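# Residue-level structural notes
Chain by chain, the residues run as shown.
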Amino acid sequence: MRLLPALLSFLLVCSPACADGLRIISITPSTTEIACAIGLEDNLVGVSTFCDYPPEVKEKERVGSFSDPNIEKIMLLRPDIVLATGLEQAQAVRNMRKLGLKVIVVDPAGFDGLFKSIEGIGSACGKQKEALDLVKEMKDSIGSMKKDAKSAVPGIYFEIWHDPLMTAGRGSFINEMITLAGGRNIAWDTPRPYSRFSAELIIERDPDVIILGYMVKGDSAVGSVRKRAGWSGIKAVKESRVYDDIDPDILFRPGPRLIKGIEELNKRFYGR
Amino acid sequence: MTFTDVKGALASKREKAQKVFLALAALLAVSVFVSVLSGPAKINFSEPLSEITRRILYMRLSRTALAIIAGGGISVSGVILQGLLRNPLCEPYVLGISGGASVGAVVSIVIGGTWTILGLSVLPLWAFLGAAATFFVVYRIAEVNGRVPIQNLLLTGVIVGAVLSSIVVFIVSFSEKETLHSVMWWLLGNLQIFDNGLLIFVAIIVVAGSVAAGALSNDLNAFSLGEEEAVHAGVETERMKKVFFLIASLITGACVSAAGMIGFLGLIVPHFMRMATGHDHKVLIPASFLAGGIFLVLCDTLARTVMSPSEVPVGVITAVCGAPFFIHMLRKKSRL
């Protein structure tokens, strides 16, 4: 029986240590990006299998997938703070809190929420200044982007998925990003963030630019949009302004890199 | 009963069938008209049609065409399976065929790619192959000493279907969030079709299958009396079972591959038409095709207008509208 405490203390000593610092586990890719952007990279002792940015986090201990974090593994890593998101992780968050872990849930619905989340993580982890700096930097880049927009506001159709057609409506990051990048979302009147969208309205509203928010292996998704029956007359198709070359991670992950996403959108809306 | 009595009865039956067909044809024309004229985009017919309007109408037409074909096909498939298996709960999805189609679709989404074979995009093709492969698997398992007892076919189909659904769940649970969503969305059904090649492919299979089933309706009539009775009536039951099951599988596979899974239709339309036209498959098959087409065209019209500019999955509408109507008819019939 004496073996057990010995074994346990051995495990504790050997577990990846950040001797005097805060031990943080992040179980969503977006909070991992936020944590690294405000200088908490060395404090991360565990991440999810989906966390892949910045590339260094791939070396960190994995504590399960995004939708199914392994609570035992998390407990074993003795985190001071766990960073998580809402919805899919709500159950895991409840369980971890029951076990006495401090969990910060980050689930922003827009940029204002994102800024607050970044500041929240900063103040909980002793990086207030870094967080405020990051937020200011993000706000500055957004501000500078608006000035680029001189010509008429282009109509944008953002396709999240092709079968059935899914788009991002009011209340989504994508909708806000399109506006911030100087575009006008043609699905502005769709009341939900992610929803099916009527194909005939896309033709009627005749977007100037079509952005495909998914990547398909093999042939290009752009080609299949061009081939759609009835779509050849859409302005974006006629003028070859259908794009599938933006990394979906910088469009969909609510973290600091969304700014890059806005910049990429802006480039496509107003020519390179 | 004298000869003239029989002749009179047959004539009145034929007259009744003619009336039903006329009514269905008229209803189909009206529903196509309503469907093409309604949609979230406003169309002004007082002016000459603009380029955009023409394209919108074209898309509505192709969508309505798929609704007729898929609605008709799934209903005919339901008629065949209910007649063949003599089970009122049978519908095209119960025998694992749709499970095979979903596995095919999920595999295609996980593998990815938008390339085409013979002008068909890869996802419908995979779905169709999945459905066809399931037919052979189910048939092989159900076979005992060169015969396929109806009971075995039904049970095997249900079990294979359950296994296939767990395979879908397995693949989805180990794939990324985006895959999961795309599979879910695909399974919920969608009639907007952008691929004319696919539309023609599905139309050929559904029409050919329905015509073949109609031509073999005497055998199906014999089957619906019971397998033994069918043997006595001179039907080569083992061969015909295979033929009917294959026809139903191919039709279902084609419809699912283009439109996703649209539930309820294949169950209620055949029953409803049996109430209206009687049990003769010669009438029942074409009547169910027309009725299924009408029903799906109207449901799809609702699906794309009730929450415009969003669309509601059409399977939701078929169930929500179909169930109360069906229950009403069932109660009315039992009261008579």
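Residues numbered from 1 in each chain as written. Chains lettered and ligands numbered in written order. Predicted model: local features only at pLDDT ≥ 70, side-chain atom pairs only at ≥ 80, totals over all residues. Heavy atoms only, no water.

## Considering the overall build of chain B
The helix and strand inventory of chain B stands at 13 helices and two strands. Relative to the compact-globule value of 20 Å for 336 residues, chain B shows a C-alpha radius of gyration of 21 Å, a close match. Taking the principal axes of the C-alpha coordinates as reference, chain B spans close to 65 × 55 × 40 Å. When each of the 336 residues of chain B is scored for burial, the buried share is 52%. Taking the contacts inside chain B whose residues are at least 6 apart along the sequence as the reference set, 76% of them involve residues at least 24 apart. Per element, the accessible surface of chain B, about 15300 Å² overall, is 70% carbon and sulfur. Measuring between centres, the 24 positive side-chain charges of chain B sit 7 Å from its 18 negative side-chain charges. (Helix = DSSP H or I, 4+ residues; strand = E, 2+ residues; numbered from the N terminus. Rg over C-alpha atoms; globule rule 2.2 N^0.38 Å. Buried < 20%, exposed > 50% of the residue type's maximum accessible area, 1.4 Å probe, protein only. Contact = heavy atoms within 4.5 Å. Areas by Shrake-Rupley, 256 points an atom, 1.4 Å probe, with all protein chains shown as cover. Lys, Arg positive; Asp, Glu negative; His and termini not counted. Charge placed at Lys NZ, Arg CZ, Asp CG, Glu CD.)

## Topic: the side chain of Ser-35 of chain B
Residues and elements named next belong to chain B. By the secondary structure assignment, Ser-35 is in helix α1 (residues 3-37). Side-chain polar atoms of Ser-35 contact the side chain of Thr-64, separated by 2.9 Å. Among all residues touching Ser-35, those that are not within four sequence positions of it are Arg-60, Thr-64, Val-297, Thr-301 and Arg-304. (Polar contact = N/O pair within 3.5 Å; in protein donor to acceptor, adjacent residues only side chain to side chain.)

## Description of the pattern of salt bridges
Inspection of every chain in the model, using the stated rule, returns 27 salt bridges over all chains. Between Arg-205 of chain A and Asp-189 of chain A there is a salt bridge, and its shortest N-O distance comes to 2.8 Å. On the criterion of sequence distance, the pair formed by Arg-205 of chain A in helix α8 (residues 199-205) and Asp-189 of chain A in the loop between β7 (184-185) and β8 (194-196) is long-range, its members being 16 residues apart. Glu-238 of chain B is the partner of Arg-147 of chain B in a salt bridge, and the nearest nitrogen-oxygen pair spans 3.6 Å. Taken together, the residues Arg-147 of chain B in the loop between α4 (122-142) and α5 (150-173) and Glu-238 of chain B in helix α10 (residues 237-259) connect sequence positions 91 residues apart. (Salt bridge = Lys/Arg side-chain N within 4 Å of Asp/Glu carboxyl O.)

## Describing the sheet that holds strand β4 (residues 103-105) of chain A
Residues and elements named next belong to chain A. Across the sheet, which stays open at both edges, the four strands sit in the order β2-β1-β3-β4 with parallel pairing between neighbours. Since the sheet does not close on itself, it has two edges, and those belong to β2 (44-47) and β4, each with one partner. Going across the sheet, the axis of each strand differs from the next one's by a mean of 20 degrees, ignoring polarity. Bridging between strand β1 (residues 24-26) and β2 involves three bridges; their strand directions are parallel. Each bridged residue has a counterpart across the sheet, and for Ile-24 the counterpart in β2 is Leu-44. (Pairing = 2+ DSSP bridges. Axes fitted to C-alpha atoms, helices over the stretch in contact; angles between N-to-C directions.)

## A few points about a nonpolar patch on the surface
On the surface, a nonpolar cluster with roughly 400 Å² of combined accessible area is contributed by Phe-33, Leu-37, Phe-45 and Leu-49 of chain B. Residue classification places Leu-37 of chain B among the partly exposed residues on the basis of a relative accessible area of 42%. (Patch = residues over 30% accessible without salt bridge, like charges linked within 9 Å, V, L, I, M, F, W, Y side chains within 5 Å.)

## Section: the interface of chain B and chain A
The interface of chain B with chain A comprises 34 residues on the first partner and 36 residues on the second. Inspection of the region where chain B meets chain A yields two salt bridges. For Arg-304 of chain B, the salt bridge is made with Glu-200 of chain A, and the minimal N-O distance between the two is 3.9 Å. Residue classes in the side of chain B that touches chain A are distributed as 16 nonpolar, 10 polar and eight charged. (Nonpolar A, V, L, I, M, F, W, Y, C, P; charged D, E, K, R; others polar.)

## Here's the deal with the domain arrangement of chain A
Quoted interface sizes are often the accessible area lost when the parts come together. Residues and elements named next belong to chain A. Per the domain assignment, the segments of chain A are domain 1 (15-141) and domain 2 (149-269). Listed as interface residues are 16 residues of domain 1 and, on the opposing side, 16 residues of domain 2. Buried area between domain 1 and domain 2, summed over both chains or domains, comes out near 1300 Å², and the portion from carbon and sulfur atoms is 67%. Our enumeration of links across domain 1 and domain 2 arrives at three salt bridges. Residue Glu-33 pairs with Arg-253 through a salt bridge whose shortest N-O separation is 2.8 Å. At the junction of domain 1 and domain 2, the tally comes to four residue pairs in polar contact (both at pLDDT 80 or more). Among the secondary structure elements, those contributing two or more residues to the side of domain 1 that touches domain 2 are α2 (29-37), α5 (111-124) and α6 (128-148). Among the elements that take part in the side of domain 1 that touches domain 2, α2 stands out by supplying five residues, more than any other. Classifying every residue of the side of domain 1 that touches domain 2 gives 11 nonpolar, three polar and two charged. (Domains from an automatic or database assignment. Buried area = accessible area lost by both parts, 1.4 Å probe.)

## Thoughts on unusual backbone geometry
Pro-54 of chain A follows Tyr-53 of chain A through a cis peptide bond whose omega is -10 degrees. Residue Pro-309 of chain B follows Ser-308 of chain B across a cis peptide bond; omega there is 5 degrees. Phi angles above zero are rare outside glycine, and Asp-206 of chain A is one such case at about 45 degrees. Tracing the backbone shows Asp-206 of chain A in the loop between α8 and β9 (209-212). When its relative accessible area of 18% is taken as the criterion, Asp-206 of chain A is described as buried.

## Let's talk about helix α11 (residues 265-277) of chain B
Residues and elements named next belong to chain B. With 13 residues, α11 extends 18 Å between its outermost C-alpha atoms, agreeing within 8% with the 18 Å of an ideal straight helix rising 1.5 Å per residue. For α11, a buried count of 10 out of 13 residues is recorded, marking the element as mostly surrounded by other parts of the structure. Restricting attention to buried positions, one finds in α11 the residues Leu-265, Gly-266, Leu-267, Ile-268, Val-269, Pro-270, His-271, Met-273, Arg-274 and Thr-277. One or two positions beyond α11, positive phi appears at Gly-278, with a value near 95 degrees. (Expected span 1.5 Å × (residues − 1).)

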